[in-house]
Amino acid sequence: MVKRFLPALMVLGCSLGLVTPALVRAQSNQGFTFTWGEGPSGRQQLQYHLDYGTPGFMGDRYWLRLGQQKVAINRINITYPDYYNGIIDPKGIEVRVGGSQGNSFFQFRRELGRKINLAEVTVDRDNRVIDIVPAEVIPAGEPVQIILNNVRNPNHGGMFYFNARIGSPGDIPLMRYVGTWILSIANN
């Protein structure tokens, strides 16, 4: 009798093993995002990944992909909304350049790229601004990724617009809008 049900149990066990990580991963990726009104258009939405995305979770990590820019970067500025009450650790911020994402479905062989030394990192909680100044200018055409380590997520879930601006070396220090990460933190 056991021999008769053994193949069915093996198939059921394998299917549950494959489905469970996909369910957990679905909450931490951006998935489909619909915007209307004054929100960013599809071209202005930047890709991101959250390790956990759970409200109040201490020690979460945000992978914010800035992508390839047409100009060199000497400053990165990130603003976030006033209803985001999470805590961002300035010591846990890093910038990586280069690397590849690998297979986008399975995320195998993902190279993170090389870590850039940072001259200054400030998190202004009153004005809700993260200001990152790399020690060296990031050349144009390189994929850039900002990693926020040791983040405490907000106490409530929701969608949070993180806006990205970059500064280029030159005579006029103007910040240029690049796009928006629409972070979705699951509501349990």
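Residues numbered from 1 in each chain as written. Predicted model: local features only at pLDDT ≥ 70, side-chain atom pairs only at ≥ 80, totals over all residues. Heavy atoms only, no water.

Right, let's get into the pattern of salt bridges. Overall, the coordinates contain 4 salt bridges when judged by the stated rule. For Asp 51, the salt bridge identified is with Arg 61, shortest N-O distance 3.1 Å. Of this pair, Asp 51 sits in the loop between β1 (48-50) and β2 (58-68) while Arg 61 sits in strand β2; the two residues are 10 residues apart in sequence, bridging distant segments of the chain. The class of Asp 51 is partly exposed, set by a relative accessible area of 27%. (Salt bridge = Lys/Arg side-chain N within 4 Å of Asp/Glu carboxyl O. Helix = DSSP H or I, 4+ residues; strand = E, 2+ residues; numbered from the N terminus. Buried < 20%, exposed > 50% of the residue type's maximum accessible area, 1.4 Å probe, protein only.)

Here we take up the sheet that holds strand β4 (residues 93-97). Here 5 strands make up an open sheet; going across it, the order is β1-β2-β8-β4-β5 and the pairing antiparallel. At either end of the open sheet lies a strand with only one pairing partner, and these are β1 and β5 (114-116). In this sheet, neighbouring strand axes are inclined to one another by 25 degrees on average, regardless of whether the strands run parallel or antiparallel. Bridge count for β1 against β2 is 3 bridges, and the pairing is antiparallel. Paired with Leu 50 across the two strands is Tyr 62, which belongs to β2. (Pairing = 2+ DSSP bridges. Axes fitted to C-alpha atoms, helices over the stretch in contact; angles between N-to-C directions.)

The subject of this paragraph is the pairing of strand β9 (residues 158-167). Every regular strand shows the same layout, with side chains that alternate between the two sheet faces. The pairing of strand β3 (residues 75-79) with β9 spans 5 bridges and is classified as antiparallel. Note that in β9 the partner of Ile 78 across the bridge is Ala 164. Taken together, the 10 bridges between β9 and strand β10 (residues 175-185) define a ladder with antiparallel strand orientation. Counterpart to Tyr 161 in the pairing with β10 is Ile 182.

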